Amino acid sequence: MNLYGVRAIYNFEMARMRRTLMQSVAAPVISTSLYFVVFGSAIGSRMGDIDNISYGAFIIPGLVMLSLLMQSISNASFGIYMPKFSGTIYEVLSAPVSYVEVVLGYVGAAATKSVILGIIILLTARLFVDYDVLHPFWMFAFLVLTAITFSLFGFIIGIWADGFEKLQIIPLMIVTPLVFLGGTFYSIDMLPEVWQTVSLFNPVVYLISGFRWAFYGVSDVHVGISVGMTVMFLSACMVAVWWIFKTGYRLRS
Amino acid sequence: MGIIAAKAKLSKSSPVMRKYRAFIHHQQDKTVQPDISVKHLNKVYADGFRALNDINLDIKRGEIFALLGPNGAGKTTLISIICGIANISSGEVKAAGYDIVKDYRKARESIGLVPQELHTDSFETVWGAVSFSRGLFGKPPAPGHIEKVLKDLSLWDKKDNRIMSLSGGMKRRLMIAKALSHEPQILFLDEPTAGVDVELRRDMWEMVRKLRENGVTIILTTHYIEEAEEMADRIGVIRNGEIILVEDKSRLMSKLGKKELRLHLQSPLETIPGQLALEPVELSEDGYELIYTFDSQQEQAGVARLLRTLGDLDIEYRDIQTRESSLEEIFVGLVNE
């Protein structure tokens, strides 16, 4: 295994985060904190509890998940798209690195950044809202698993995209609505039965539900199903990445 | 007892001996094998365009090989395939004795590529970019080597500068530094001196010669034919995806080159005298110059005969000039055939 190669890609991507701290870390932390201020402290104090959890605390897992998903996709897609855009991808393609090593470098760095960001957001949330973490191991496991899965998804988007618009279209037009409708601000039990059934087709429901269970021990769907769905999506992304490298789709002519 | 045990361990069928024999076999192979071996290589793009057609090419270890061809002839496609950037449609390519598909790691470790375009990460520093390339190619950090490469390429004082602040020529040198960062055995230079001033071009030629002296095989594509003429040991010409010629440079120059003898006459001629009608002679428009063209390899009797005939005709001349055709003229002749 070319560990030096993996390390080179990983360090390069992490250095990019350090160069753009305001955009990579400060901006998502501030925007998520605004949700905590508005929905947690201000409006939240006037809203009733959900499943015996204060509203401000209830929305924390969903909001962390929102940032985690968006940042994982954005970091990984940008990480692989930029070398394609600038032409420096020639070096990665001509290097003695396997596709597994390329993915480890890019996705590993993207996932690391997202996990760091998720933890910072969680710590920041503590300043505005009081919350518990009943299952810290599972909370961290969900955080890491989701970061890896959606970084892989972002990596696929970055390879597929042939312009900056395409790079943005899936996170903004698909992922954001799915997160907002996936139980970030409400429990899906609160929806009419038809919409509860519809919600079960939203993969983000399982992520948020599982993540919230790790915090408060309550969930919309069984935690085992949440883990299973996340692993299934991860596997689907892995198969897609394997196919991309096998065929050279949008990488090798 | 220890020796007996060691001998027993190193029996012919022991894994150590098998590995050793395989290693020796590979090393022996390397001495006879070319550094780059291309056999029946074809490249057809998804839209059906055939970029390379049955390419067969061997490039010897330690030589400077210039690959010449007009735009769109297939030079960059060929390089891209050998370096792993493009997929093979059919055929076989080996680099440093390793198949570029089956043994891609070993093959790519031995190759450095300086691409035609200046692809750089603008926000990275010079040092960071070169270190990244070395790591990517599986080599442990070697600050001493990177320092040497940067000094050789006059980039040492810019090592902490961001790439965006470099001039075009510096960026070109940086591309070379990145390609040399992992100490490759084979170096591809795809139009390395495009957009580079004359002085820097001369420096680069010098650097390429030094690399060759250190045993690096260099494959060069260039639009400056004088560059190939100056540096190459062998020349390959590619046209419409086919290699139409591979020849030792000096042999090519003597085989396909022309010589020209110009006689500046004392008095102008109106027409070429009948006695010279069968000779390959032309008369300049003003009638003051007789131009005699002959093959480099042709025996010199023609020149003596020409001068004798002029003497017999009392045609006096005040000056004689000779010139040989350049590689550029030969190249233009080849690709226009």
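Quick caveat, the model's predicted, so the values are computed rather than measured. (Residues numbered from 1 in each chain as written. Chains lettered and ligands numbered in written order. Predicted model: local features only at pLDDT ≥ 70, side-chain atom pairs only at ≥ 80, totals over all residues.)

(A) Main features of the overall build of chain A. Secondary structure assignment for chain A yields 10 helices and zero strands. Reading chain A from its N end, one meets helices and strands in the order α-α-α-α-α-α-α-α-α-α. Against the globule reference of 18 Å for 253 residues, chain A gives a C-alpha radius of gyration of 19 Å, in line with a compact fold. Along the first, second and third principal axes, the C-alpha atoms of chain A reach 60 × 35 × 35 Å. Excluding contacts between residues fewer than 6 apart, the proportion of contacts in chain A whose partners are at least 24 apart in sequence is 79%. (Helix = DSSP H or I, 4+ residues; strand = E, 2+ residues; numbered from the N terminus. Rg over C-alpha atoms; globule rule 2.2 N^0.38 Å. Contact = placed C-beta atoms within 7 Å.)

(B) Quick look at the overall build of chain B. For chain B, the count of helices and strands is 12 helices and 14 strands. The buried share among the 337 residues of chain B stands at 34%. (Buried ≥ 20, exposed ≤ 12 C-beta atoms within 10 Å, placed from the backbone.)

(C) Structural view of the sheet that holds strand β14 (residues 317-324) of chain B. Residues and elements named next belong to chain B. Across the sheet, four strands lie side by side as β12-β13-β11-β14; this open sheet has antiparallel pairing. Each edge of the open sheet is held by one strand with a lone partner, namely β12 (281-283) and β14. The average undirected angle you get between the axes of adjacent strands in this sheet is 20°. As judged from the three bridges shared by β12 and strand β13 (residues 289-295), these two strands associate in the antiparallel manner. For Val 281, the partnering residue across the bridge sits in β13 and is Tyr 292. (Pairing = 2+ DSSP bridges. Axes fitted to C-alpha atoms, helices over the stretch in contact; angles between N-to-C directions.)

(D) Highlighting the packing of helix α1 (residues 3-19) of chain A against helix α5 (residues 126-136) of chain B. Two elements in contact, α1(A) and α5(B), have axes separated by 7 Å at closest approach and are oriented at 145°. Along the contact surface, α1(A) presents Tyr4(A), Gly5(A), Arg7(A), Ala8(A) and Phe12(A), while α5(B) presents Phe132(B), Gly135(B) and Leu136(B).

(E) Fine view of the pairing of strand β2 (residues 50-59) of chain B. All names here are of chain B. Here strand β1 (residues 36-44) runs beside β2; their pairing, made up of six bridges, is antiparallel. Across the sheet, Val 44 pairs through a bridge with Arg 50, a residue of β2. In this antiparallel pair of consecutive strands, β1 and β2, the connection spans five residues, and Gly 48 shows a positive phi of 95°.

(F) Highlighting α1(A). With 17 residues, α1(A) extends 24 Å between its outermost C-alpha atoms, agreeing within 8% with the 24 Å of an ideal straight helix rising 1.5 Å per residue. Taken together, the buried positions of α1(A) are occupied by Gly5(A), Val6(A), Ala8(A), Ile9(A), Phe12(A) and Glu13(A). Burial along α1(A) is one-sided: seen end-on, the buried residues are contained in an arc of 165°. Seen from the buried face of α1(A), the exposed residues on the opposite side, beyond 90 degrees, are Leu3(A) and Arg18(A). In this structure, the buried side of α1(A) is in contact with α3 (55-86) and α5 (99-125) of chain A together with α5 of chain B. (Expected span 1.5 Å × (residues − 1). Arc of directions from axis to C-beta.)

(G) Examining unusual backbone geometry more closely. All names here are of chain B. Of note in the backbone geometry, Asp 54 takes a positive phi value of approximately 50° without being a glycine. As for its placement among the helices and strands, Asp 54 is situated in strand β2. Positive phi, normally seen in glycine, also occurs at Glu 191, with a value near 55°. By secondary structure assignment, the location of Glu 191 is in the loop between β7 (186-190) and α8 (198-213).

(H) Fine view of the interface of chain A and chain B. In this assembly, 21 residues from chain A lie in contact with 26 residues from chain B. If you list the elements that add at least two residues to the side of chain A that touches chain B, you get α1 and α4 (89-93) of chain A. For the side of chain A that touches chain B, the element with the highest residue contribution is α1(A), accounting for six residues. Of the residues belonging to the side of chain A that touches chain B, the class tally is nine nonpolar, eight polar and four charged. (Nonpolar A, V, L, I, M, F, W, Y, C, P; charged D, E, K, R; others polar.)

(I) Geometry of the nonpolar core. Core analysis: the largest hydrophobic core is formed by 135 residues, its most contacted members being Tyr106(A), Val107(A), Phe155(A), Ile218(B) and Leu220(B). The contacts of Tyr106(A), once residues within four sequence positions are left out, are Ile9(A), Glu13(A), Ala76(A), Gly79(A), Ile80(A) and Phe155(A). (Core = buried A, V, L, I, M, F, W, Y, C linked by C-beta atoms within 7 Å.)

(J) Representation of the confidence of the model for chain B. Residues and elements named next belong to chain B. Per-residue pLDDT for chain B has a mean of 83; in total, 84% of the residues score no lower than 70. Note on residues 1-12: pLDDT under 50 across the span, and five contacts to partners over four residues away in sequence or across chains. Counting contacts from residues 23-30, a segment whose pLDDT is below 50, to residues more than four positions away or on other chains yields three contacts. For this predicted complex, the interface score ipTM comes out at 0.85, while the overall pTM is 0.79. (pLDDT = per-residue confidence, 0-100.)

(K) Layout of the packing of α3(A) against helix α7 (residues 164-180) of chain A. Residues and elements named next belong to chain A. Where α3 meets α7, the closest approach of the two axes is 11 Å, and the angle between their N-to-C directions is 165°. Compared by their axis directions, α3 and α7 come out roughly antiparallel. For the pair α3 and α7, the crossing hand works out as right-handed. Residues Met 65, Leu 66, Leu 69, Met 70, Ile 73, Ser 74, Ser 77 and Tyr 81 of α3 form the contact with α7, whose own contacting residues are Leu 167, Pro 171, Val 175 and Val 179. (Parallel < 35°, antiparallel > 145°, perpendicular 65-115°, else oblique. Left-handed = near helix turned anticlockwise from the far one by under 90°.)

(L) Inspection of the sheet that holds strand β6 (residues 111-114) of chain B at higher detail. Residue and element names in this part refer to chain B. Read across the sheet, six strands follow the order β6-β7-β8-β3-β9-β10 without closing on themselves; strand pairing throughout is mixed. At either margin of the open sheet sits one strand with a lone partner, and together these are β6 and β10 (242-248). Averaged over all pairs of adjacent strands, the angle between their axes in this sheet comes to 15°, without regard to strand direction. Alignment of strand β9 (residues 234-239) against β10, held across six bridges, turns out to be antiparallel. Bridging across to β10, Ile 235 finds its partner in Glu 247. On top of the sheet, helix α7 (residues 168-180) reaches β6 and β7; it is set at about 170° to β6, its chief contact. Sitting on the sheet, α8 is in contact with β3 (64-68), β7 and β8 (217-221), with an inclination near 150° to β8.

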